[in-house]
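Understanding the architecture of this molecule
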Amino acid sequence: MEVRTRFAPSPTGFMHLGGLRTALYNYLYAKKMGGKFILRIEDTDQERFVEGATEVVYNTLRDCGMVWDEGPDVGGDYGPYVQSDRKDIYLPYARQLVEKGAAYYCFCTKEELDERRAAAEARGEVFKYDKHCLNLTKEEVQAKLDAGLPYVIRLNAPTSGETTYDDVVFGHLSFPNDTLDDMVLIKADGMPTYNFANVIDDHLMGITHVMRGMEYLSSTPKYNLLYEAFGWEIPQYVHLTTVMRDAQHKLSKRDGDAYYSDFIEKGYLKEALINYLALVGWNPGDDREFFTMDELVQAFDIKRLNNAPGIFDMDKLTWFNAEYIRKMPFDEYLKMVTPWFEQVLSGKNLDYRRLAELMQSRTEVFNRVPDMVKFLAEMPEYDIGLYNNKKMKTNPEVAVESLRMVKPVLEGIEDWSENVIHDTVMAAIAESGKKNGAVLWPLRIAISGLNSTPGGAFEIAYLLGKDETLRRLDVSYEKLCNNA
RNA sequence: GGCCCCGUGGUCAAGAGGCCUAAGACAUCGCCCGUUCACGGCGGUAACUCGGGUUCGAAUCCCGACGGGGUCACCA
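Residues numbered from 1 in each chain as written. Chains lettered and ligands numbered in written order. Predicted model: local features only at pLDDT ≥ 70, side-chain atom pairs only at ≥ 80, totals over all residues. Heavy atoms only, no water.

A few words now on the overall build of chain A. Counting secondary structure elements, chain A contains 19 helices and 11 strands. Here the C-alpha atoms of chain A give a radius of gyration of 33 Å, more than 25% beyond the 23 Å that 2.2 N^0.38 yields for 484 residues. Considered along the principal axes of its C-alpha atoms, chain A spans approximately 110 × 50 × 40 Å. Evaluated residue by residue, chain A yields a buried proportion of 49% over its 484 residues. Long-range pairs, those at least 24 residues apart, make up 73% of the contacts in chain A between residues at least 6 apart in sequence. Of the side-chain charges in chain A, 56 are positive and 75 negative, and the distance between the mean point of each set is 3 Å. (Helix = DSSP H or I, 4+ residues; strand = E, 2+ residues; numbered from the N terminus. Rg over C-alpha atoms; globule rule 2.2 N^0.38 Å. Buried < 20%, exposed > 50% of the residue type's maximum accessible area, 1.4 Å probe, protein only. Contact = heavy atoms within 4.5 Å. Lys, Arg positive; Asp, Glu negative; His and termini not counted. Charge placed at Lys NZ, Arg CZ, Asp CG, Glu CD.)

Right, dumping it as structure tokens:
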């Protein structure tokens, strides 16, 4: 039988990384098995409707290369794929359940329920609906219905025995029935609850594997009761562990690092993000770590899904990102990094190409680039203590000598190219009998004001240009003479 | 609190009774690459939550404790 998986987000306007990973696994499994990946939008909560939120879902998924075979915008044989467009199909199914005695009308108001719930909690008990309305006779129910009283339809859950099912990730699970609540299927406004709509839709859409977050682990028995009451085949369940920020907390929006868009804005590559995300909770069984989407499809095995929650390690993601950046074709890197250069270097007329060559192996995340290159636009304030470096055998006194020696050499260079600067200065150093480091370290500090820079003295001098290099050299020389 | 799930280094993880004096990766530390930093190379530190069983033998099976998470809505 053809495998059919689905990703069913409720559009909130943002794509949470946990959700993205759920989508990813659904996609990978469907493709691996030669099946179909379906996108369904679950928007039964009209109060939470957000303008443009579905587009965020579409764009993110497409951006990452997870193309769905059926969905709201591409259609399919099992539509419509937006739950609000399907609102009329649920009630008849609920009524069918009432006929079978698997569900019943309930006229208890929300206020009454809240009251009873509060009372139960005050007594330290767990509140459970007491099946009050199940005792109503057919006539009483009809009378209330005729009177136009608001009602909900509830599942009639068994109170004894136990419900069991097998989960692909967690194995054999069993739950005592007396902990099951008579959950609401149809709300007073006539709309189905999420849980109910889910079951109906999954069945109607022929979903064979339900892959979702493990927060549904303990409500799954109730889903199964529904399938059984209808006489429908129960799908394979694949509950996915939570992606955590640390041992105690999930990734949350409060930390500003839970959404796909957060990462893209910071300068993470979607390929790196997907690659890393796939590995939180799953592994290929060997030492491979780098995967394209196609390679993930090939390697994906539902049996290798982990059953312990995984902590999202920002450091590892950053490492992946840096690796992807290094392996990126240079021209692509240049194109991507340019806007980040522009933030602090616009109007400076620098050789971005050369700068990019120097920066590519040093870029971990693009938003760190501006801070690394802004010294090229403006000489930072620095302490002359920077001239101290024992390995280079230099200190402020040595630096004064070195700068004095190198300044006229630099001034004499006509062709300000990196090679010429390099060869000329190296020759002068050799002639002077000084150590390379004793000249080059002070020179780099003098024109950059930084302890570490992308590239050494020659590269920086070249990028700065002759005038600016000499200008900075003079300023630093003065500074040194006044303080040393 | 009831019910459910989970428990290998700081993190992701391999491991499905002897191959474990427990892989690999990130992070961290050290050395090398004598113009910094980065890249790269080499090496180090670091783990089976605890206690009982079962077994000739347990990280692997069972029980308990402890720890963490989830769930108990007319939200999704």
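Don't stop here, the text continues.
Mapping Val-67 onto the fold places it in the loop between helix H2 (53–63) and helix H3 (90–100). Measuring from C-alpha to C-alpha, the distance between Val-67 and Arg-4 comes to 14 Å, with 63 residues separating the pair along the chain. Ignoring sequence-local partners within four residues, the contact set of Val-67 consists of Tyr-27 and Phe-37.

Looking now at unusual backbone geometry. Unlike most non-glycine residues, Lys-131 shows phi in positive territory, near 60°. If you trace the backbone, Lys-131 turns up in the loop between helix H4 (110–122) and helix H5 (138–146). A relative accessible area of 16% places Lys-131 in the buried class.

Scored by pLDDT, chain A comes out at a mean of 93, with 98% of its residues at no less than 70. Per-element confidence in chain A is highest for strand E1 (residues 4–7), whose mean pLDDT is 98, and lowest for H4, whose mean pLDDT is 86. The ipTM, which scores confidence in the relative placement of chains, is 0.95 for this predicted complex, and the corresponding pTM is 0.94. (pLDDT = per-residue confidence, 0-100.)

This paragraph deals with the packing of helix H15 (residues 396–411) against helix H16 (residues 418–432). Taken N-terminus to C-terminus, the directions of H15 and H16 make an angle of 140°; their axes are 10 Å apart at the nearest point. With respect to the hand of their crossing, H15 and H16 are arranged in right-handed fashion. On H16, the residues that touch Met-405, Val-406, Val-409 and Leu-410 of H15 are Ile-421, Thr-424, Val-425, Ala-428, Ile-429 and Ser-432. Per-class residue counts for the contact of H15 with H16 are 8 nonpolar, 2 polar and no charged. (Axes fitted to C-alpha atoms, helices over the stretch in contact; angles between N-to-C directions. Left-handed = near helix turned anticlockwise from the far one by under 90°. Nonpolar A, V, L, I, M, F, W, Y, C, P; charged D, E, K, R; others polar.)

This part is about H2. All of the buried residues in H2 are Ala-53, Val-57, Tyr-58, Thr-60 and Leu-61. Tucked inside the fold, the buried residues of H2 contact E1, helix H1 (17–32), strand E2 (36–39) and helix H8 (260–266). Residue Gly-65 follows H2 closely and has a positive phi angle near 85°.

Another point: the packing of aromatic side chains. Evaluation of the coordinates by the stated rule reveals 26 aromatic pairs. A centroid spacing of 5.5 Å and a plane angle of 25° characterise the contact between Tyr-25 and Phe-300, whose relative ring orientation is stacked. Taken together, the residues span a long stretch of sequence, with Tyr-25 in helix H1 and Phe-300 in the loop between helix H10 (293–299) and strand E11 (310–311) at a distance of 275 residues. Aromatic side chains Tyr-93 and Phe-230 sit 5.8 Å apart centroid to centroid with 80° between the ring planes, which places their arrangement in the edge-to-face category. Here Tyr-93 is found in helix H3, whereas its partner Phe-230 is found in helix H7 (residues 220–230), with 137 residues between them in sequence. Clustering of aromatic rings is evident, with ring pairs tying together Phe-263, Tyr-268, Tyr-276, Phe-290, Phe-312, Trp-319, Phe-320 and Tyr-324. Between the NZ or CZ atom of Lys-327 and the centre of the ring of Phe-290, over which it lies, the distance is 3.6 Å. (Phe/Tyr/Trp six-rings, centres within 6.5 Å; stacked < 30°, edge-to-face > 60°. Lys NZ or Arg CZ within 6 Å of the ring centre and 35° of its normal.)

A few words on the protein's contact with RNA strand B. The full set close to RNA strand B counts 67 residues, and Lys-187, Asn-283, Lys-316, Arg-362 and Gly-455 are the nearest of them. Within 4 Å of the protein, the contacting atoms of RNA strand B are drawn from sugar and phosphate to the extent of 72%. Taking Ala-247, its main chain carries an N or O atom lying 3.0 Å from a sugar or linking oxygen of RNA strand B. If one sorts the elements of the surface near RNA strand B by residue count, helix H11 (residues 314–327) sits on top with 5 residues. For the surface near RNA strand B, the per-class residue count stands at 26 nonpolar, 22 polar and 19 charged. (Near = heavy atom within 4 Å. Polar contact = N/O pair within 3.5 Å; in protein donor to acceptor, adjacent residues only side chain to side chain.)

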